[in-house]
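If you want the building blocks of each chain, they are given just below.
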Amino acid sequence: MCYAIPGKVVGIENSLVTIDYFGEKKYAKNDFFSLKIGEYVYAQGGFIIQRVSEEEALPILEAWKELFFKLQEIDSRISAKPQNLYQRANYLRQKYSGNSCCVHGIIEFSNYCRNDCLYCGLRKSNDRIRRYRMEIGEIINTAEYAVKKLGFKALVLQSGEDVWYDEDKICKIVSGILKNCACLIILSIGEREESLFGKAYKVGARGLLLRFETGNPILYEKFRPGHIWKERVGLIKKLSALGYLIMSGFLIGLPGQTKEDLEKDIDLTASLKPEMFSFGPFIPHPNTPLGDFPKPSLEFVLDIIAQTRMKYPDSRILVTTALETLDKINGLRLGLLSGANSLMINVTPQKYRTLYEIYPERAGTEISVEERIGYVIKLLQSLGRAPTDLGRGG
Ligand code: SAH
Ligand code: SF4
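Presented here is an overview of the structure given in this document. None of these values were measured; they are calculated from a predicted model.

### Considering the overall build of the chain
In terms of regular secondary structure, the chain is built from 13 helices and 16 strands. Rg of the C-alpha trace for the chain: 20 Å, near the compact-globule value of 21 Å for 394 residues, within the 12% margin. Taking the principal axes of its C-alpha atoms as reference, the chain extends roughly 55 × 50 × 40 Å. A total of 394 residues make up the chain; the buried ones form 59% of that total. A fraction of 72% describes how many contacts in the chain between residues 6 or more apart in sequence connect residues 24 or more apart. Summed over its atoms, the accessible surface of the chain is roughly 16500 Å², and 52% of this surface lies on carbon and sulfur atoms.

### Things to note about the sheet that holds strand E12 (residues 276–277)
On the basis of which strands lie adjacent, the open sheet formed by eight strands has the order E12-E10-E9-E8-E7-E6-E15-E14 and parallel pairing. Edge positions in the sheet fall to E12 and strand E14 (318–319), since each has one partner strand and no second. Direction of pairing for strand E9 (residues 207–209) relative to strand E10 (residues 245–248): parallel, over a ladder of three bridges. Bridging from a neighbouring strand, Leu-209 pairs with Met-247 of E10.

### Here we look at the pairing of strand E8 (residues 184–188)
With five of five residues buried, E8 is to be regarded as a mostly interior element. Residue alternation in E8 divides its side chains into two sets, Leu-184, Ile-186 and Ser-188 and Ile-185 and Leu-187, and both sets are buried. In terms of strand pairing, strand E7 (residues 154–159) meets E8 through five bridges, oriented parallel. Bridge pairing links Val-156 to Ile-186 in E8. Taking the sense of rotation as the criterion, the β-α-β connection linking E7, helix H4 (residues 167–180) and E8 turns out right-handed. Considered for its hand, the β-α-β crossover made up of E8, helix H5 (residues 194–202) and E9 is right-handed.

### Side note on the packing of H5 against helix H7 (residues 229–242)
H7 packs onto H5 with a crossing angle of 25 degrees between their chain directions and a minimal axis gap of 11 Å. Considered as vectors, H5 and H7 are oriented roughly parallel to each other. Our pair here, H5 against H7, has a crossing hand that is right-handed. Facing Glu-194, Phe-197, Gly-198 and Tyr-201 of H5, the residues of H7 in contact are Leu-235, Lys-238, Leu-239 and Leu-242. Looking at the contact of H5 with H7 residue by residue, the classes come out as five nonpolar, one polar and two charged.

Basis of the calculations
Residues numbered from 1 in each chain as written. Chains lettered and ligands numbered in written order. Predicted model: local features only at pLDDT ≥ 70, side-chain atom pairs only at ≥ 80, totals over all residues. Heavy atoms only, no water. Helix = DSSP H or I, 4+ residues; strand = E, 2+ residues; numbered from the N terminus. Rg over C-alpha atoms; globule rule 2.2 N^0.38 Å. Buried < 20%, exposed > 50% of the residue type's maximum accessible area, 1.4 Å probe, protein only. Contact = heavy atoms within 4.5 Å. Areas by Shrake-Rupley, 256 points an atom, 1.4 Å probe, with all protein chains shown as cover. Pairing = 2+ DSSP bridges. Right-handed = clockwise from strand over helix to strand, strands pointing away. Axes fitted to C-alpha atoms, helices over the stretch in contact; angles between N-to-C directions. Parallel < 35°, antiparallel > 145°, perpendicular 65-115°, else oblique. Left-handed = near helix turned anticlockwise from the far one by under 90°. Nonpolar A, V, L, I, M, F, W, Y, C, P; charged D, E, K, R; others polar.

The structure is reproduced here in structure tokens:
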């Protein structure tokens with residue numbers, strides 16, 4: 001199965017490479033290879049992650065060619081003649097971002113956390129959760145299976161803020177994965193030391209998924225005791241300056257959060273120049289201090305996706321698992337039809353998946369990863385979306 005198709009290098013200007021996909025030009029940064037015009041590469045999240053031989057690339061492109069144009073046609077048909085807000089957002093998504101849909105894998109490798117965020121089931125004060133940590137080798141093997149057997153080209157490594165994984169261990173995980181697998185590694189390990197992220201970058205990590213949670217410092221500091229809003233946002237900015245691709249965003253529906261707060265949250269995310277917007281509904285967890293608060297409605301979250309697309313038409317917007325959890329049957333499809341163009345598939349070994357209980361009854365924990373991939377591919381094709389990641393659009 002293929003989540004990204006090879007593209008041909010048609011231009012090189014320092015580290016910026018122009019790649020051709022069936023006549024469409026995209027740009028990607030090249031940090032790792034010495035490339036020549038005419039070579040074939042896989043790009044992911046705006047980075048070139050692998051060089052492939054012509055013999056390998058041509059049959060893949062031949063197999064994709066017909067489907068590539070057929071999917072574009074379905075997408076254009078579905079997104080034409082917009083009438084309501086969601087359809088207008090979907091129209092803009094098609095117009096500015098085309099039909100490619102990022103499909104990243106996520107490995108949730110530890111549910112230990114030193115923090116006590118009031119909204120989260122992994123908070124350290126929740127003593128009703130069974131904790132687990134995956135060994136370094138197990139994480140590397142899981143990643144290898146996801147890349148080599150399942151076809152993922154980008155993997156998010158996520159955990160609670162678990163300091164058992166020190167700088168050395170995180171670097172061993174990143175370099176251990178990259179030794180055998182060509183993929184984009186995105187760290188989502190919380191607010192760890194800048195030096196740790198610096199070392200991880202040196203050994204090849206290129207993405208950071210770190211939400212600022214809310215742009216309202218008062219709410220932030222209330223819900224994340226002991227943490228300072230400015231430091232969180234400051235860290236995201238510093239890591240962006242270091243070269244990390246940023247995925248960031250906020251929680252929707254936190255107690256006390258207003259519509260104005262959310263409008264500002266959209267703009268704050270955009271100001272971080274993110275590779276991807278990642279925002280999703282707050283879902284109350286019964287074993288947390290916010291357990292009795294209501295969750296936002298599906299429509300409310302879809303509105304935020306649509307508003308974001310209207311304001312920032314060429315962005316990547318993720319349908320989060322939390323949104324899918326609000327409506328397990330229609331959440332993903334409706335998110336994709338309201339302006340979103342990315343999703344993640346949980347590739348954590350099944351035995352740990354229910355233990356990573358940030359909030360209860362998360363979507364996608366009950367079926368195998370293979371079943372989930374089959375479902376996602378079928379859904380994307382019915383919507384005319386190509387489950388590829390073609391680098392940053394030009
Ligand atoms: N510990 C890391 C990464 C894991 S938590 C960190 O905090 O950055 C990943 C995300 O889960 C958080 O950024 C938060 O936005 C989200 N989250 C936590 N509790 C949640 C809840 N009850 N409902 C929905 N999302 C939640
Ligand atoms: Fe820990 Fe992240 Fe949950 Fe906060 S949101 S308690 S940092 S896992």
